[in-house]
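Here is how the chains run, residue by residue.
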Amino acid sequence: MKINNSLLNFVNGMLVTLPSSKTLTLSWNFGSMLGMVLVFQIVTGTFLAFYYTPDSLMAFSTVQYIMYEVNFGWIFRIFHFNGASLFFIFLYLHIFKGLFFMSYRLKKVWMSGLTIYLLVMMEAFMGYVLVWAQMSFWAAVVITSLLSVIPIWGPTIVTWIWSVFGVTGATLKFFFVLHFLLPWAILVIVLGHLIFLHSTGSTSSLYCHGDYDKVCFSPEYIGKDAYNIVVWLVFIVLSLIYPFNLGDAEMFIEADLMMSPVHIVPEWYFLFAYAILRAIPNKVLGVIALLMSIVTFYFFALVNNYTSCLTKLNKFLVFLFIISSVILSWLGQCMVEDPFTFLSPLFSVIYFGLAYLLLGIFMTSKLLFK
């Protein structure tokens with residue numbers, strides 16, 4: 001009985017009586033939408049796992065079996081495939097909103113959120129490989145081989161992931177198990193993310209998280225989160241009309257170990273990082289730049305200074321950063337030829353330059369406005 005009361009009090013504190021700022025706009029719906037999509041992906045993925053076979057000789061065929069033979073299998077596969085894109089759309093919106101409103105001041109919230117982002121990228125990559133199509137197979141070969149740059153243990157780690165001396169059926173089983181288990185770890189970290197958020201309070205459009213403008217989360221923000229239904233309706237319609245527009249044509253060809261695609265391109269949500277990787281000819285430096293394109297944002301948790309005079313400058317720099325990220329994503333799917341081989345390094349420098357300029361300004365803001 002005590003356990004039930006404790007659970008009810010916990011849920012009540014998280015969703016009903018939680019003190020929330022009166023100035024939260026619809027951009028704060030991104031977080032709740034991400035929670036909905038995460039549950040949606042787990043449910044659809046579980047149904048797909050019932051019929052999927054993680055075997056190199058059968059994986060591609062079982063995907064076709066799900067699409068053509070399993071009752072309503074096609075709709076679960078289409079929703080799961082496009083649900084990944086929906087997740088990343090709101091994930092990037094959530095991160096950019098955090099940069100706009102300087103949410104990195106909430107250090108534990110920011111760092112747990114970035115950890116979720118990294119784990120979701122791993123999860124999406126492994127799910128991409130499970131189709132065992134031409135593009136996903138060779139993407140697995142390229143990405144896993146990048147781990148070989150780790151000093152001393154790199155080649156051993158790559159061989160351990162592959163299980164043999166190449167990407168094979170054993171590698172596919174390894175990815176399948178991780179792809180099935182990792183979402184539960186993500187759920188736990190999401191819970192921690194929410195606990196950290198609710199212990200400090202959220203930032204707001206007033207750039208504050210004090211106690212002087214609070215209202216109960218329910219019913220006001222429960223009602224506002226109901227606007228997410230509109231997004232779901234749009235998602236369902238677009239998924240049914242354009243089910244594979246965000247995919248690559250090579251994903252309809254079974255993996256061929258003897259012939260790689262002419263132009264290897266990852267899913268759209270990895271393109272900015274892929275462009276940074278390709279922009280640097282040196283493999284080690286390229287992998288470091290790829291990793292730092294995300295790890296850099298952990299350093300924002302070091303910011304202890306907050307100056308309201310910098311809000312407009314912050315918005316301007318974040319806006320430029322978003323533009324550079326979009327251009328890098330476009331460059332990531334371009335052929336390796338002029339002028340793209342010049343533009344990719346240029347916008348990679350701009351990407352990191354803006355990120356560290358933003359970080360540097362706030363780290364030194366006390367000196368600037370003393």
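See the structure shown above.
About the cut-offs
Residues numbered from 1 in each chain as written. Predicted model: local features only at pLDDT ≥ 70, side-chain atom pairs only at ≥ 80, totals over all residues. Heavy atoms only, no water. Buried < 20%, exposed > 50% of the residue type's maximum accessible area, 1.4 Å probe, protein only. Helix = DSSP H or I, 4+ residues; strand = E, 2+ residues; numbered from the N terminus. Arc of directions from axis to C-beta. Phe/Tyr/Trp six-rings, centres within 6.5 Å; stacked < 30°, edge-to-face > 60°. Patch = residues over 30% accessible without salt bridge, like charges linked within 9 Å, V, L, I, M, F, W, Y side chains within 5 Å. Areas by Shrake-Rupley, 256 points an atom, 1.4 Å probe, with all protein chains shown as cover. Salt bridge = Lys/Arg side-chain N within 4 Å of Asp/Glu carboxyl O. Expected span 1.5 Å × (residues − 1). Axes fitted to C-alpha atoms, helices over the stretch in contact; angles between N-to-C directions. Parallel < 35°, antiparallel > 145°, perpendicular 65-115°, else oblique. Left-handed = near helix turned anticlockwise from the far one by under 90°. Contact = heavy atoms within 4.5 Å. Nonpolar A, V, L, I, M, F, W, Y, C, P; charged D, E, K, R; others polar. Core = buried A, V, L, I, M, F, W, Y, C linked by side-chain atoms within 4.5 Å. Domains from an automatic or database assignment.

Asks: Can you help me understand helix α3 (residues 59–68) in this one?
Replies: Each α-helix winds once per 3.6 residues, and so residues spaced three or four apart point in a common direction. Taken together, the buried positions of α3 are occupied by Ala59, Phe60, Thr62, Val63, Ile66 and Met67. Projected onto a plane normal to the axis of α3, the buried residues spread over an arc of 165° and lie on a single side.

Asks: Could you clarify how one ought to interpret the packing of aromatic side chains in this entry?
Replies: Ring pairs (aromatic) are described by centroid distance and by the angle formed between their planes. Enumeration over the complete set of coordinates arrives at 33 aromatic pairs. Each ring, one from Phe174 and one from Phe175, has its centre 6.0 Å from the other, and the planes form 50°; the classification is tilted. The interplanar angle of 85° and the centroid separation of 5.4 Å between the aromatic rings of Tyr351 and Phe352 together place this pair among those described as edge-to-face.

Asks: When you look at a nonpolar patch on the surface in this model, what are you seeing that I'm missing?
Replies: A cluster of nonpolar side chains, Phe72, Trp74, Val230, Val234, Ile236, Val237, Leu238, Leu240, Ile241 and Tyr242, forms an exposed patch at the surface whose accessible area comes to about 940 Å². The greatest single-element share of the nonpolar patch, amounting to seven residues, is contributed by helix α10 (residues 228–241). Inspection of the secondary structure puts Tyr242 in the loop between α10 and α11 (271–279). Residue class for Tyr242 comes out partly exposed when judged on its relative accessible area of 45%.

Asks: Teacher, can you tell me more about helix α2 (residues 29–49) here?
Replies: The end-to-end C-alpha separation of α2 is 30 Å, in line with the 30 Å expected for 21 residues at 1.5 Å each. Along α2, the residues classified as buried are Asn29, Phe30, Met33, Leu34, Val37, Leu38, Gln41, Ile42, Thr44, Gly45, Leu48 and Ala49.

Asks: Help me understand the packing of α11 against helix α12 (residues 283–295), please; the structure alone is not making it clear to me.
Replies: What describes two packed helices is the angle between their axes and the distance between those same axes. Running from amino to carboxyl end, α11 crosses α12 at an angle of 150°, the nearest separation of the two axes being 8 Å. When the interaxial angle is binned, α11 and α12 end up roughly antiparallel. Here α11 and α12 pass one another in a crossing that is right-handed. The segment α11 lies against α12, with Phe272, Ala273, Ile276 and Leu277 engaging Gly286, Val287, Ala289, Leu290 and Ser293. Residue composition of the contact of α11 with α12, by class: seven nonpolar, two polar and no charged.

Asks: Sorry if this is basic, but what is going on with the nonpolar core here?
Replies: One recurring pattern in soluble globular proteins is that nonpolar side chains are buried together. Counting residues in hydrophobic clusters, the biggest one holds 95 residues, and the most contacted among them are Phe88, Leu99 and Tyr117. Ranked by the residues each element gives to this core, the list is headed by helix α5 (residues 107–130), at 13 residues. Composition of this core by domain shows at least three residues from each of domain 1 (7–255) and domain 2 (265–369). Ignoring anything within four residues of it in the chain, the contact list for Leu99 reads Tyr104, Trp110, Phe297, Phe300, Asn314, Val318 and Phe321.

Asks: What exactly am I supposed to notice about the environment of Leu302 here?
Replies: Checked against the element boundaries, Leu302 lands in the loop between α12 and α13 (311–332). Using a relative accessible area of 52% as the deciding quantity, one classes Leu302 as exposed. As a C-alpha pair, Leu302 and Lys107 span 195 residues in sequence and 7.9 Å in three-dimensional space.

Asks: What is the right way to read the packing of α5 against helix α8 (residues 169–200) from this model?
Replies: At a closest axis distance of 9 Å, the pairing of α5 and α8 adopts a crossing angle of 160°. In this view, α5 runs roughly antiparallel relative to α8, as classed from their interaxial angle. Crossing of α5 against α8: the hand is left-handed. Of the residues assigned to the contact of α5 with α8, the class counts are 20 nonpolar, seven polar and two charged.

Asks: Help me understand unusual backbone geometry, please; the structure alone is not making it clear to me.
Replies: With the exception of glycine, the majority of residues adopt a negative phi angle, and the majority of peptide bonds are in the trans configuration. Note that the residue after Asp338, namely Pro339, is joined by a cis bond; omega there is 0°. Relative to the helices and strands, Pro339 resides in the loop between α13 and α14 (340–363). Although it is not a glycine, Trp132 adopts a positive phi angle of roughly 60°. Not every positive phi belongs to a glycine, and Ser163 is a case in point at roughly 75°. Residue position: Ser163 is located in the loop between α7 (154–162) and α8. Judged by relative accessible area, Ser163 falls into the partly exposed class, the value being 42%.

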